[in-house]
Amino acid sequence: MSLSVAVLMDPIRSIKIAKDSTFAMLLEASRRGHALLYMEQGDLALRNGEAWARLRPLTVKDDPTGWFTLGEPTWRPLAEVDIVLARKDPPVDSQFVYDTMVLERAQRAGCKVVNDPRSLRDCNEKLFALDFPQCIAPTLVSRDAGQLRQFVAEHGEAVLKPLDGMGGRGIFRVRHGDSNLNSMLETLLDGARHFAIAQKYIPEIAAGDKRILLIDGEPVPYALARIPQGDEFRGNLAAGGRGEGIPLSDRDRWIAAQVAPELVRRGLRFVGLDVIGDYLTEINVTSPTCIRELDAQFGINIAGLMFDAIEAR
């Protein structure tokens, strides 16, 4: 069965195909004979309340010297498209929110959007994990510098980060008594205009920040442990972390089982959980990564599993 599959993503010319999970999805869709269509944020529109997009035919190949070709753009109702892969990277700013509103109109008209646009809007990747208190380390979200300083003093060591970042940007590790704490809080809070999140520091980060991928609530049996290098405490691959595939532990599977029913209920069909030691730290819903690294290390086809699930519905 040939489907039309449109992708909303950051510019395809700028991706690193060896690591890009969206590209893995596009390769799999192409292998299955689906017609690919491409759009960026500026290509969305509403016409009399109907979701439209400026779509360009897309072909892809796994070749670092030339991995895509785009055809001429045409404005079309998104209701004519079978599937939209919503894969725009954070930050989840006002423009991202407006994108989800357009995609929600397309969904109402019969287009299948992965992941569900309303859940992309509602499920902040840092805050959503707090819906599962049995899975998380001590955490505080606040705009108040005094509360955050008290949290650091209480736990002795903490990680501070913004609510809308990705790839390890804007993350600080701080100990009680650190003379830089006030400066870190000034940067994150911007005069109490922004929330910051503080989590108790988890020493097991030395063994890696595990990315666990779930498809319709079912975990892939291997995680990618993103291991900090040198004197860097962040394991994010974008921050220089080394990716090492490992089987899921019993605790990993327990965390996935705690989260899975809510993911399914919210239409979050492809999700990445971040787990450090025994604790869930984030739930990535906008554009989870690590497909290509796990595929390469274990000879699996995660995008294939995802399209099996999509086509089954």
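Read on for a plain summary of the structure. (Residues numbered from 1 in each chain as written. Predicted model: local features only at pLDDT ≥ 70, side-chain atom pairs only at ≥ 80, totals over all residues. Heavy atoms only, no water.)

**Considerations on the nonpolar core**
Phase 1 of the analysis: Core analysis: the biggest nonpolar cluster contains 41 residues, and Met39, Leu78, Val84, Leu273, Leu280 and Ile283 have the highest contact counts within it.
Phase 2 of the analysis: Counting residues per element, this core draws most heavily on helix 6 (residues 250-265), which supplies 5 residues.
Phase 3 of the analysis: Apart from the residues within four sequence positions on either side, Met39 is in contact with Ala6, Val7, Leu8, Met9, Leu44, Ala53, Arg54, Leu55, Leu78 and Val84.
Phase 4 of the analysis: Among the nonpolar cores identified, the runner-up in size contains 35 residues, and Phe23, Ala29, Ile215 and Phe307 belong to it. (Core = buried A, V, L, I, M, F, W, Y, C linked by side-chain atoms within 4.5 Å. Buried < 20%, exposed > 50% of the residue type's maximum accessible area, 1.4 Å probe, protein only. Helix = DSSP H or I, 4+ residues; strand = E, 2+ residues; numbered from the N terminus. Contact = heavy atoms within 4.5 Å.)

**Description of the packing of helix 4 (residues 145-155) against helix 5 (residues 181-189)**
Phase 1 of the analysis: The geometry of helix 4 relative to helix 5 is characterised by a closest axis approach of 11 Å and an angle of 135° between their N-to-C directions. Taken together, helix 4 and helix 5 sit at an angle that is classed as oblique. Between helix 4 and helix 5 lies a crossing of right-handed hand. Across from Ala145, Leu148, Arg149 and Val152 in helix 4, the residues of helix 5 making contact are Leu181, Asn182, Leu185 and Leu189. (Axes fitted to C-alpha atoms, helices over the stretch in contact; angles between N-to-C directions. Parallel < 35°, antiparallel > 145°, perpendicular 65-115°, else oblique. Left-handed = near helix turned anticlockwise from the far one by under 90°.)

**Here's the deal with the side chain of Thr100**
Phase 1 of the analysis: Here Thr100 shows up in helix 2 (residues 94-108).
Phase 2 of the analysis: Among the residues examined, Thr100 registers a relative accessible area of 1% and is labelled buried.
Phase 3 of the analysis: Side-chain polar atoms of Thr100 contact the side chain of Arg121, separated by 3.0 Å.
Phase 4 of the analysis: Residues within four places of Thr100 in sequence aside, it is in contact with Pro117, Leu120 and Arg121. (Polar contact = N/O pair within 3.5 Å; in protein donor to acceptor, adjacent residues only side chain to side chain.)

**Re the pattern of salt bridges**
Phase 1 of the analysis: Taken as a whole and judged by the stated rule, the model has 26 salt bridges.
Phase 2 of the analysis: Here Asp10 makes a salt bridge to Lys88, at a shortest N to O gap of 3.2 Å. With Asp10 in the loop between strand 1 (4-9) and helix 1 (21-31) and Lys88 in the loop between strand 7 (83-87) and helix 2, this residue pair connects regions lying 78 residues apart in the sequence.
Phase 3 of the analysis: When its relative accessible area of 23% is taken as the criterion, Asp10 is described as partly exposed. (Salt bridge = Lys/Arg side-chain N within 4 Å of Asp/Glu carboxyl O.)

**Structural notes on the sheet that holds strand 10 (residues 157-162)**
Phase 1 of the analysis: The 4 strands lie next to each other as 9-12-10-11, forming an open sheet whose pairing is antiparallel. Lying at the two open borders of the sheet, with one neighbouring strand each, are strand 9 (139-142) and strand 11 (172-175). Adjacent strand axes in the sheet meet at a mean angle of 25°, parallel and antiparallel pairs treated alike.
Phase 2 of the analysis: Here strand 10 runs beside strand 12 (residues 196-200); their pairing, made up of 5 bridges, is antiparallel. Bridge pairing links Val159 to Gln199 in strand 12. (Pairing = 2+ DSSP bridges.)

**Topic: the pairing of strand 9**
One face of the sheet, then the other: side chains in a regular strand alternate in exactly this way.
Phase 1 of the analysis: Side chains of strand 9 alternate between two faces, with Leu140 and Ser142 buried and Thr139 and Val141 left unburied.
Phase 2 of the analysis: Sheet topology places strand 9 next to strand 12; 4 bridges connect them, and they run antiparallel. When the bridges of strand 12 are listed, Leu140 appears paired with Ala198.

**Observations regarding the environment of Ile83**
Phase 1 of the analysis: With respect to the element layout, Ile83 can be found in strand 7.
Phase 2 of the analysis: With 28 residues separating them along the chain, Ile83 and Cys111 place their C-alpha atoms 5.8 Å apart.

**Digging into the environment of Arg253**
Phase 1 of the analysis: Tracing the sequence through the fold places Arg253 in helix 6.
Phase 2 of the analysis: By relative accessible area, Arg253 is classed as partly exposed at 40%.
Phase 3 of the analysis: Dropping the residues within four chain positions of it, Arg253 is found in contact with Pro221 and Leu248.

**Here's the deal with the state of the cysteines**
Phase 1 of the analysis: Overall, the coordinates contain 0 disulfides when judged by the stated rule.
Phase 2 of the analysis: Cys123 provides the cysteine sulfur closest to Cys111, a residue in no disulfide bond, and the two sulfurs are 19 Å apart.
Phase 3 of the analysis: The thiol sulfur of Cys290 is not disulfide-bonded, and the nearest other cysteine sulfur, from Cys135, lies at 20 Å.
Phase 4 of the analysis: Residue classification places Cys290 among the buried residues on the basis of a relative accessible area of 1%. (Disulfide = S-S within 2.5 Å.)

**Comments concerning the pairing of strand 2 (residues 35-39)**
Phase 1 of the analysis: Summarising burial for strand 2: 4 of the 5 residues are buried, a large majority.
Phase 2 of the analysis: Of the strand pairs in this sheet, strand 1 and strand 2 are connected by 5 bridges, and their pairing is parallel. Within strand 2, the residue paired with Ala6 across the bridge is Leu37.
Phase 3 of the analysis: A crossover connection joins strand 1 to the parallel strand 2 through helix 1; in handedness this β-α-β unit is right-handed.
Phase 4 of the analysis: When strand 2 meets strand 4 (residues 50-60), the two strands line up antiparallel, connected through 3 bridges. By the bridge assignment for strand 4, Leu37 is matched with Pro57. (Right-handed = clockwise from strand over helix to strand, strands pointing away.)

**Points about unusual backbone geometry**
The general pattern is negative phi for most residues beyond glycine and trans for most peptide bonds.
Phase 1 of the analysis: Residues Pro90 and Pro91 are joined by a peptide bond in cis, for which omega reads 15°.
Phase 2 of the analysis: For Pro91, the position within the fold is in the loop between strand 7 and helix 2.
Phase 3 of the analysis: Cis geometry marks the peptide bond from Val114 to Asn115, where omega comes out at 0°.
Phase 4 of the analysis: Unlike most non-glycine residues, Asn48 shows phi in positive territory, near 50°.
Phase 5 of the analysis: On the secondary structure map, Asn48 appears in the loop between strand 3 (44-47) and strand 4.
Phase 6 of the analysis: Unusually for a residue other than glycine, Ala192 sits at a positive phi of about 65°.
Phase 7 of the analysis: Take Ala192: it is sitting in the loop between helix 5 and strand 12.
Phase 8 of the analysis: Given a relative accessible area of 41%, Ala192 falls into the partly exposed group.

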